[in-house]
Amino acid sequence: MSSSRDATTAPYARELEVATAAARAAGEVILGLYGRAAVSEKADGTVVTQADYASDAAIRAALSSAFPGDALLTEEGADEPARRANDRCWIVDPIDGTAQFVARTGDFDVFIALAVGGAPVVAASYQPTTGILLSAVAGSGAWIEQPEQTRRPLRLSLGPGRPVVATKGWLGAPENLARLERVASRLQAADVVVATRSLCARALLPGAASVDVIAGVPAGGRRLGAWEWDLAAVDLIVREAGGAVTDLAGRPLRYNQPTPRFDAGVLLSRSPALHEQLLCALAQEP
């Protein structure tokens, strides 16, 4: 874990600068279409909007201009197998939480991450409606920026209450609830909830609605809807802020894979110690 050096002097400083600027610019594009973007349905039944495509285009233009030799994988773009031959791949979700965007809850984000050699090294997560920007560089720390406040290091830690383990439909709920309840019972002091809000790095920040663990646990033969663009930025931010992120076997998540999806499960925790306890409890599951 990092010493939280200033982002401007850290490795990948240029990449971080471009990623954060692109995330903010995409946020402006999204807000310009808030409440009036055309909505359609993808083949998998999920919604997509004009704002998703506009944000994707803005981010693509920024990243391609700054780093023309890098590969790009985005939720709204066609996957190009050639990206696998490139050691550097940007992984983008132009709007994480499109359903929330359509419902106008404000609970959506822009995710941008750079993976090098299969591991995320730069991350930016921007919430357009609040202006909250979370960012990280591998080995250098994570930061939080809010409007009218100076950037400061981001650190995650457990609160004084019972740990809250949260899951959601794209992470296996409700089929996985029985399994998670059994895991929580082995810890003897944890609550399992199906989240209604977005489950991203913001969900792990201190606050009344925060959670301690985000669990993607398959059950009932159902595949998770956890894609690389859902997790790449969140993964790095959480780990650089002192948390833990692995698959259910305790292995680091790998990116820029042939199939960019985490079917085997994922676990993101505020606390490495709690994370290890959960992995041990999950290992006892049949």
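If you're wondering where the values come from, they're calculated on a predicted model, not measured in any experiment. (Residues numbered from 1 in each chain as written. Predicted model: local features only at pLDDT ≥ 70, side-chain atom pairs only at ≥ 80, totals over all residues. Heavy atoms only, no water.)

Engineer: Is there a simple way to think about the pattern of salt bridges in this case?
Structural biologist: Where charged atoms from two side chains of opposite charge approach closely, those side chains can pair. Using the criterion set out here, one finds 18 salt bridges in the structure. Arg222 is paired through a salt bridge with Glu175; the nearest N and O atoms lie 2.8 Å apart. Linking Arg222 in the loop between β12 (213–216) and α5 (228–240) with Glu175 in the loop between β10 (164–167) and α4 (177–187), this pair joins segments that are 47 residues apart in sequence. Residue classification places Arg222 among the partly exposed residues on the basis of a relative accessible area of 33%. (Salt bridge = Lys/Arg side-chain N within 4 Å of Asp/Glu carboxyl O. Helix = DSSP H or I, 4+ residues; strand = E, 2+ residues; numbered from the N terminus. Buried < 20%, exposed > 50% of the residue type's maximum accessible area, 1.4 Å probe, protein only.)

Engineer: When you look at the packing of helix α1 (residues 13–32) against helix α2 (residues 50–66) in this model, what are you seeing that I'm missing?
Structural biologist: As a packed pair, α1 and α2 sit with axes 9 Å apart at the nearest point and diverge in direction by 155°. Compared by their axis directions, α1 and α2 come out roughly antiparallel. Seen from above, α1 lies across α2 with right-handed handedness. For the pair α1 and α2, contact is made by Arg14, Val18, Ala22, Ala26, Val29 and Ile30 and by Ala51, Ala54, Ser55, Ala58, Ile59, Ala62, Leu63 and Ala66, respectively. Here the residues of the contact of α1 with α2 sort into twelve nonpolar, one polar and one charged. (Axes fitted to C-alpha atoms, helices over the stretch in contact; angles between N-to-C directions. Parallel < 35°, antiparallel > 145°, perpendicular 65-115°, else oblique. Left-handed = near helix turned anticlockwise from the far one by under 90°. Contact = heavy atoms within 4.5 Å. Nonpolar A, V, L, I, M, F, W, Y, C, P; charged D, E, K, R; others polar.)

Engineer: Any chance you could explain the sheet that holds strand β4 (residues 88–96) here in plain terms?
Structural biologist: Hydrogen bonds along the backbone pair up the strands of a sheet, which may run parallel or antiparallel. Across the sheet, seven strands lie side by side as β3-β4-β5-β6-β7-β8-β9; this open sheet has mixed pairing. Every other strand in the sheet has two partners, leaving β3 (71–74) and β9 (152–153) as the edge strands with one partner each. Where β3 lies against β4, four bridges are found, and the strand directions are parallel. Bridging from a neighbouring strand, Leu73 pairs with Ile91 of β4. Contacting β3, β4 and β5 (109–116), α2 runs over the sheet at an angle of about 150° to β4. The strands touched by α5 within the sheet are β3, β4, β5, β6 (119–127), β7 (132–137) and β8 (141–145), with β6 carrying the most contacts at an inclination of about 100°. (Pairing = 2+ DSSP bridges.)

Engineer: Help me out: how do you make sense of the sheet that holds strand β11 (residues 191–194) in this one?
Structural biologist: The five strands are arranged β11-β10-β12-β14-β13 in an open sheet whose pairing can be described as mixed. Of all strands in the sheet, those bounded by a partner on one side alone are β11 and β13 (244–246). Put simply, the sheet's adjacent strands are angled 15° from each other on average, direction ignored. Relative to strand β14 (residues 266–269), β12 runs antiparallel, the two sharing four bridges.

Engineer: Could you clarify how one ought to interpret the packing of aromatic side chains in this entry?
Structural biologist: Centre distance and the angle of the planes are the two values used to describe a pair of aromatic rings. Per the stated rule, a full pass over the model turns up six aromatic pairs. Pairing Tyr255 with Phe262 gives two aromatic rings, centres 5.4 Å apart and planes at 75°, and the pair type is edge-to-face. With respect to class, Tyr255 is no different from Phe262; both count as buried. Ring-pair connections join several aromatic residues into one group, and the members of that group are Tyr34, Phe101 and Phe108. (Phe/Tyr/Trp six-rings, centres within 6.5 Å; stacked < 30°, edge-to-face > 60°.)

Engineer: Explain the nonpolar core here, please?
Structural biologist: Considering soluble globular proteins, one finds that nonpolar side chains tend to be buried as a cluster. Among the nonpolar cores identified, the biggest contains 44 residues, and Ile91, Leu134, Leu154, Leu199, Val211, Leu231 and Tyr255 are the most heavily contacted of them. For this core, the secondary structure elements donating two or more residues are β3, β4, β5, β7, β8, β10, α5 and β14. Among residues more than four places away in sequence, those in contact with Leu154 are Leu134, Ala142, Trp143, Ile144, Leu205, Ile237 and Ala241. Counting 31 residues, the second-largest nonpolar core is a separate cluster that includes Leu33, Ala37, Leu63 and Ile112. (Core = buried A, V, L, I, M, F, W, Y, C linked by side-chain atoms within 4.5 Å.)

Engineer: I'm lost on a nonpolar patch on the surface in this one. Help?
Structural biologist: Side chains of Val39, Val47 and Val102 sit close together on the surface and give an oily, nonpolar patch of about 210 Å² of accessible area. Along the chain, Val102 turns up in helix α3 (residues 98–103). With relative accessibility at 39%, the residue Val102 sits in the partly exposed group. (Patch = residues over 30% accessible without salt bridge, like charges linked within 9 Å, V, L, I, M, F, W, Y side chains within 5 Å. Areas by Shrake-Rupley, 256 points an atom, 1.4 Å probe, with all protein chains shown as cover.)

Engineer: Teacher, can you tell me more about unusual backbone geometry here?
Structural biologist: Backbone phi values are negative for most residues with the exception of glycine, while trans is the configuration of most peptide bonds. With an omega dihedral of 0°, the bond running from Ala173 to Pro174 counts as a cis peptide bond. By the secondary structure assignment, Pro174 is in the loop between β10 and α4. One non-glycine residue, Arg104, lies in positive phi territory at about 60°. With respect to the helices and strands, Arg104 occurs in the loop between α3 and β5. The exposure class assigned to Arg104 is exposed, which follows from its relative accessible area of 53%. The backbone phi angle of Glu148 is positive, close to 65°, even though this residue is not glycine. Along the chain, Glu148 falls in the loop between β8 and β9.

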